[in-house]
Structure formats: structure tokens, C-alpha cells
Amino acid sequence: EDAIDPNAAPPAAVRAFPLLKQQYAQNQPDAFNSTLAGYLSSLADNPLAAHPASKARFEAWFNTFDPFLRCKALYVTAFVLICCSWLGYTRPLYRSAIALVLLSLAVHTLGLVSRIYISGRPPVTNLTSASIFIAWACILMTLGLEYFFRNSIGLLVAGALGFCSLLMADSLTVLEGDTLKVLQAVLDTNFWLATHVVCVTLGYAATILAGILGTVYILGGLFTSSMDKTRSRDLTRMTYGIVCFAMLFSFVGTVLGGIWADQSWGRFWGWDSKENGAVLVVLANAILLHARWGGLVRERGIAVLSIFGVMITQWSFFGTNQLGIGLHAYAPTEGLWATLMIAWGIELSILLAGLIPLPAWRSFRLRSEPAS
């Protein structure tokens, strides 16, 4: 390589920046615009700089448009509409909620694809991007459930889960700072890493969704009269189907992670805290499925075990990062312990509520009472 002359004048593009700053401070708009036009012209003449400049303009539009803020408003509106549809005007409000969820999914997809284009990375590279991707995957799955069952539960969960996931992504952005920054060398994108993070995050998303459906089953049966035999059976089938999906992707994603680790670190498995967390998610889903296939649990048992799966997923997703050890400790290690403990407390309370004997559940008590 040629030696760099320390006495050489800096490139014109570099000299433009202090000049632009000076002209801006001295309120010289004509000179500022002329210098800026010359700078942009030099970028247009450089084929290596033209593409980054266009990507920068796209990122500026992306930040101005803020698709995820719009999605949160749409998800909340859809949630309110589906709740109101149970009080009256069922058909028009139900259709409006479907339209809003589909619109929000389109905007959500645009935001997700935009992040992939800007970063040039897979959709999951940190906790913030994982939350955005989990919300997107859950919305797709809930729409699929609504298509097959048409009981409005899928739309209800879509609105609540989409809003909460994106709200959590905003909170994680505060902790992580720049969520589109350059990654560590070991996280440089390759085929096995890209497929691993997508598959394992889909498994996490499905496990979380199954737990939300289990929560709807327990709270709906315990405190309302809406959990009749048909809705109870449908919710159980929905939860079981999602857990099968979660089992497949969490297992495949964990295996793909081992292949990537073998290429990056020279070992397939090292009992790293994050690796152990991924295995715990697989085991939690396997426990539920085996308990169901062996006849150990029925409808209520599936709901309770699905909430246990959410708690394990939260540990794998957040808790292992808080330990600050292992080769996977890339996420923030402070500020999430309290949130994790609060979430676990709420979920443990719901899980224990699911163990209350059925005669104390309002829906099941009304089923057993003779008609007046």
C-alpha cells in the first residue's frame, strides 16, 4: 500500500464539513447551500459513496415516518374495537378490527424490512430488534388462528400483544442506545447465524403466544362467564397448535445455533448460559406436549403449563443476559432485573390462579348450575 502523506490536504468532502458548520453558525444560507450542493455532487460522482448516501436518505425517511409508533396506535385501536364488538354492533366492529390489524401488519412489515435494509443484517441482532420481530411473528400467528377459529380471540391477542411488544422494544431502545450499530465480529452475518436467530426467535414468539392464550383461558374461566365448552375447547386447540409450532422452531433454532457456534467458536455446545436457556425453552414445550399426549393434563393443565413456558422464555430472552457471563452476553446487563421479577410475579400469580379448583371458576360454576 502507498504511504499516507501527513502533509497532504484532506479530501474535499472532509474539508466541506467544518466549512458547512462555520457557514451555518454565521447564518450564511446561500454559501451553505452552495457548499452542500458541491458536497452532494462529489458524492454522486463517487460510485462507492452513492449507495450509502441513498441508504442514509432512506434511513432519514424511516426515522421521520416512525412506522412502529403508527403500529402501536393501530394495535390499540384494534384491541378497543374488538372489545366493543362484544357489547354490540358485533359484525361491523369485528370487520373494522380485522382491517386495522391487517393495516398495522403491513406497516409493521415495512418497518421490519426497512431495518433489514438499513443494517444489512438479519431481522434479529439485539433485544430491541428481537422484540419487534416477535411482535410481527405473533401477529401473523394470531391472524392465522383467527382465520381458522373466527372467535375474535386471535384479534384480541393481536392488538394487546402487538402494542405491548413494541412498547417493550421502545424501553429496550433506551437501554441499548443505537439499535442499528455495527455488530461484534462474531455476530457477522452468515447463513447459519441468520437462520439460527430467525428460527429460535420464532420459537420464542410462539411460546409467548401460547402463554398469552393460556392466560386468556384462566382469566376468562375464573372471572367471566364467557368460557363455555366451545370456547374452552377452541382455546385449548389454539394453544396446543401454537406449542407444536414453538417446539419445532425452538428445537431447530437451537441446533442451528450449535452449528453456527461450531463455525464461530470451534465448539458445538459449551453449556453457555444462553445455550442452556434455549434448551430450557425446548424442554418446557416438550413437557407440555408429553403431558398432553400422556393424558396427564387436559384443558386447564395445558393453559397452566403454557404460562410456565412464558416464564422460561423470559429467562432465556432476558435473564441469561443479566448474568453478564458467557459468549452470548451481548445485551444490556443492567436495568432489566426488576422488570423481569415483576413479570414473573404476575405470571406466577396467574399460574397459581389456574390451580384453583374448577368449582370456584365462574364459567364452570355456571355450567354446572341447573337452568332456572
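Coordinates for the structure precede this section.
The structure displayed is predicted, hence computed values, not measured ones. (Residues numbered from 1 in each chain as written. Predicted model: local features only at pLDDT ≥ 70, side-chain atom pairs only at ≥ 80, totals over all residues. Heavy atoms only, no water.)

Enquirer: Can you tell me about the packing of helix α11 (residues 299–322) against helix α12 (residues 337–353), naming the residues and giving the values?
Expert: How two helices sit against one another is set out by the angle between their axes and by the gap between those axes. Where α11 meets α12, the closest approach of the two axes is 10 Å, and the angle between their N-to-C directions is 170°. What the angle tells us is that α11 and α12 run roughly antiparallel. Residue-level contacts link V304, I307, F308, V310, M311, Q314, W315, G319 and Q322 of α11 to W337, L340, A343, W344, E347, L348, I350 and L351 of α12. Taken together, the residues of the contact of α11 with α12 sort by class into 13 nonpolar, 3 polar and 1 charged. (Axes fitted to C-alpha atoms, helices over the stretch in contact; angles between N-to-C directions. Helix = DSSP H or I, 4+ residues; strand = E, 2+ residues; numbered from the N terminus. Parallel < 35°, antiparallel > 145°, perpendicular 65-115°, else oblique. Contact = heavy atoms within 4.5 Å. Nonpolar A, V, L, I, M, F, W, Y, C, P; charged D, E, K, R; others polar.)

Enquirer: So what about the side chain of S363? Which residues, and what values?
Expert: Looking at where S363 falls in the secondary structure, it is placed in helix α13 (residues 362–368). Its relative accessible area of 3% is what places S363 among the buried residues. Here G220 takes part through its backbone oxygen, which lies 3.4 Å from a polar atom of the side chain of S363. Reaching out from S363, the side chain makes a polar contact with the backbone oxygen of T224 at a distance of 2.4 Å. (Buried < 20%, exposed > 50% of the residue type's maximum accessible area, 1.4 Å probe, protein only. Polar contact = N/O pair within 3.5 Å; in protein donor to acceptor, adjacent residues only side chain to side chain.)

Enquirer: Run through the pattern of salt bridges, naming residues and quoting values.
Expert: If you walk through the whole model with that rule in mind, you get 3 salt bridges. In this structure, D234 and R237 form a salt bridge, with 4.0 Å as the shortest nitrogen-oxygen distance. Of this pair, D234 and R237 both sit in helix α9 (residues 229–265), 3 residues apart, roughly one helical turn. For D234, a relative accessible area of 11% gives the class buried. Ionic pairing is found between E275 and R267, a salt bridge with its closest N-O pair at 2.8 Å. (Salt bridge = Lys/Arg side-chain N within 4 Å of Asp/Glu carboxyl O.)

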